[in-house]
Amino acid sequence: MLKGKVAVVTGGTRGIGYAIVKKFLENGASVVLWGSRQETVDRALERLRQDNPDWQVTGMAPDLGSYEEVARALDSVKKKYGKIDIMVNNAGISARDSLYDYNPEDFDRIMDLNVNSVFRCSKAAAAIMREHGGGVILNTSSMVSFYGQPAGSGYPASKFALNGLTKSLARELGRDHIRVNAVAPGVTRTDMMEAVPQEVIEPIVRTIPLGRLGEAEDIANAFLFLASDMASYITGAIIPVDGAAMT
Ligand code: NAD
């Protein structure tokens, strides 16, 4: 589905991002995965190359907090592959503190990665996509971007903002043949969730109509569809992949 496409995936070293990288590789894309540290990037690359030594995958750890660094990193991808077709803005962090305990610096940190860095990556990637006739920008939102959540207000606020950025950029960039969409995962089984005790998970699962947590691959499948030409008339969409869960 992605043969000949070049993709960059932020937060690609583990969890949902790693599943997206793998799914894209399985479907013929060349992928540059980004992580916060070069050593975790290298570990992810090693795992992927063990799975299939023929996959076209490389990795980098640019500082998503710096527009100059992001632009330089994307420029190096363009120099290597001649283009960028797909930019996946997936890196994200959260905190669940109540408002009374919330450290204002944590709020800023969450907004900076979950929103501002998506703006930085989209700006630099769109300029490259426009040069070669278009592309796809995909963002990882969250189910809490529809309803909010009862604590940790910074995270849902950042994902509401991300949805706004997605819809606005879709309207702005359509004329350059750049589609912009987001996937809003529900509670998804990633490495982090493995540490959560069963007695915490079970009551959550009972509220999910499909009766199970999401798998990273469920989310990656939606990204694959949106990245592919099968979604050629879809832009500005926030697609829930959450088993109809509500927080
Ligand atoms: P994870 O913590 O397993 O992975 C996060 C990734 O982001 C890692 O690759 C990490 O290197 C990268 N990252 C973290 N801080 C970074 C920084 N400062 N600079 C650059 N990269 C950084 O997370 P996950 O659960 O796979 O979540 C991925 C995305 O999915 C996030 O945007 C998250 O908000 C969203 N999401 C997750 C769930 C879930 O249940 N897991 C649900 C809804 C939405």
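Residues numbered from 1 in each chain as written. Predicted model: local features only at pLDDT ≥ 70, side-chain atom pairs only at ≥ 80, totals over all residues. Heavy atoms only, no water.

- As recorded by an unreviewed UniProt entry, the protein carries the name 3-oxoacyl-ACP reductase FabG and is attributed to Eisenbergiella massiliensis.
- Listed under Sequence similarities (unreviewed entry) in UniProt, the entry text for the protein is "Belongs to the short-chain dehydrogenases/reductases (SDR) family." (UniProt positions renumbered as here; feature names shortened; annotations may be inferred.)

**Here's the deal with empty space enclosed by the protein**
Link 1 in the chain: For the structure shown, the criterion picks out 1 cavity of 30 Å³ or more.
Link 2 in the chain: In this structure, the largest cavity spans a volume of roughly 30 Å³.
Link 3 in the chain: Lining the largest cavity are Thr10, Leu64, Asn89, Asn90, Ala91, Leu113, Ser117, Val118 and Cys121.
Link 4 in the chain: Ranked by the residues each element gives to the lining of the largest cavity, the list is headed by helix α4 (residues 104–131), at 4 residues.
Link 5 in the chain: Tallied by class, residues from the lining of the largest cavity come to 5 nonpolar, 4 polar and no charged. (1 Å grid on protein atoms, 1.4 Å probe; cavity = no way out; pocket = protein on both sides within 12 Å on 5 of 7 lines; lining within 4 Å. Points joined across faces, edges and corners; volume = space filled by probe spheres on them. Helix = DSSP H or I, 4+ residues; strand = E, 2+ residues; numbered from the N terminus. Nonpolar A, V, L, I, M, F, W, Y, C, P; charged D, E, K, R; others polar.)

**Regarding the side chain of Ser158**
Link 1 in the chain: Inspection of the secondary structure puts Ser158 in helix α6 (residues 154–173).
Link 2 in the chain: Owing to a relative accessible area of 0%, Ser158 belongs among the buried residues under this scheme. (Buried < 20%, exposed > 50% of the residue type's maximum accessible area, 1.4 Å probe, protein only.)

**Comments concerning the packing of α4 against α6**
Link 1 in the chain: Where α4 contacts α6, the two axes come as close as 8 Å, and the packing angle between them is 15 degrees. As summarised for this structure, α4 and α6 are arranged roughly parallel, according to the angle between their axes. You can see that α4 and α6 cross each other, and the crossing is right-handed. Where α4 approaches α6, its residues Phe107, Ile110, Met111, Asn114, Val115, Val118, Phe119, Ser122 and Ala126 are matched on the opposing element by Gly154, Tyr155, Ala157, Ser158, Lys159, Ala161, Leu162, Leu165, Leu169 and Leu173. (Axes fitted to C-alpha atoms, helices over the stretch in contact; angles between N-to-C directions. Parallel < 35°, antiparallel > 145°, perpendicular 65-115°, else oblique. Left-handed = near helix turned anticlockwise from the far one by under 90°. Contact = heavy atoms within 4.5 Å.)

**Some thoughts on the layout of surface pockets**
Link 1 in the chain: In this structure, the second largest pocket occupies an estimated 320 Å³ of space.
Link 2 in the chain: Mapped by element, the contributors of at least two residues to the lining of the second largest pocket are α1 (15–26), α2 (38–51), α7 (191–194) and α9 (216–227).
Link 3 in the chain: In terms of residue count, α1 provides more of the lining of the second largest pocket than any other element does, 6 residues in total.
Link 4 in the chain: When grouped by side-chain class, the residues that make up the lining of the second largest pocket number 3 nonpolar, 3 polar and 11 charged.

**Quick look at the pattern of salt bridges**
Link 1 in the chain: The final tally for this structure, using the stated rule, is 11 salt bridges.
Link 2 in the chain: Asp106 is paired through a salt bridge with Arg109; the nearest N and O atoms lie 3.3 Å apart. Separated by 3 residues within a single helix, Asp106 and Arg109 lie in helix α4, roughly one turn from each other. (Salt bridge = Lys/Arg side-chain N within 4 Å of Asp/Glu carboxyl O.)

**Structural notes on a nonpolar patch on the surface**
Link 1 in the chain: There is a patch of nonpolar side chains on the surface, built from Phe146, Tyr147 and Met246 and spanning about 310 Å² of accessible area.
Link 2 in the chain: Since its relative accessible area comes to 54%, Met246 is described here as exposed. (Patch = residues over 30% accessible without salt bridge, like charges linked within 9 Å, V, L, I, M, F, W, Y side chains within 5 Å. Areas by Shrake-Rupley, 256 points an atom, 1.4 Å probe, with all protein chains shown as cover.)

**Topic: α2**
Link 1 in the chain: With 14 residues, α2 extends 20 Å from end C-alpha to end C-alpha; this agrees with the ideal 20 Å at 1.5 Å per step.
Link 2 in the chain: Those residues of α2 not exposed but buried are Thr40, Val41, Ala44, Leu45 and Leu48. Taken down its axis, α2 places every buried residue within 140 degrees of arc, on the same side. Residues of α2 that are exposed and point more than 90 degrees away from the buried face comprise Arg43, Glu46 and Gln50.
Link 3 in the chain: On the buried face of α2, the contacting elements are α1, β2 (30–34) and β3 (57–60). (Expected span 1.5 Å × (residues − 1). Arc of directions from axis to C-beta.)

**A closer look at the site of the ligand**
Link 1 in the chain: In the vicinity of the ligand there are 24 residues, among which Thr13, Arg14, Ile16, Asn90 and Tyr155 approach most closely.
Link 2 in the chain: Here an oxygen atom of the ligand and a side-chain polar atom of Arg14 are 2.8 Å apart.
Link 3 in the chain: Of all the elements in the fold, those that place two or more residues in the shell around the ligand are α1 and α6.
Link 4 in the chain: Tallied by class, residues from the shell around the ligand come to 9 nonpolar, 13 polar and 2 charged. (Near = heavy atom within 4 Å. Polar contact = N/O pair within 3.5 Å; in protein donor to acceptor, adjacent residues only side chain to side chain.)

**Considerations on the packing of α1 against α2**
Link 1 in the chain: The interhelical angle for the contact between α1 and α2, taken along N-to-C directions, is 35 degrees, at an axis separation of 12 Å. Relative to α2, the crossing made by α1 is right-handed. Listed contacts from α2 to Tyr18, Val21, Lys22 and Leu25 of α1 are Ala44, Arg47, Leu48 and Asp51.
Link 2 in the chain: Looking at side-chain class alone, the contact of α1 with α2 contains 5 nonpolar, no polar and 3 charged residues.

**Brief notes about α6**
Link 1 in the chain: With 20 residues, α6 extends 28 Å from end C-alpha to end C-alpha; this agrees with the ideal 28 Å at 1.5 Å per step.
Link 2 in the chain: Of the residues making up α6, those classed as buried are Gly154, Tyr155, Pro156, Ser158, Lys159, Leu162, Asn163, Leu165, Thr166, Leu169, Ala170 and Leu173.
Link 3 in the chain: Against α4, β5 (135–140), α5 (144–147), β6 (178–185) and β9 (238–241) lie the buried residues of α6.

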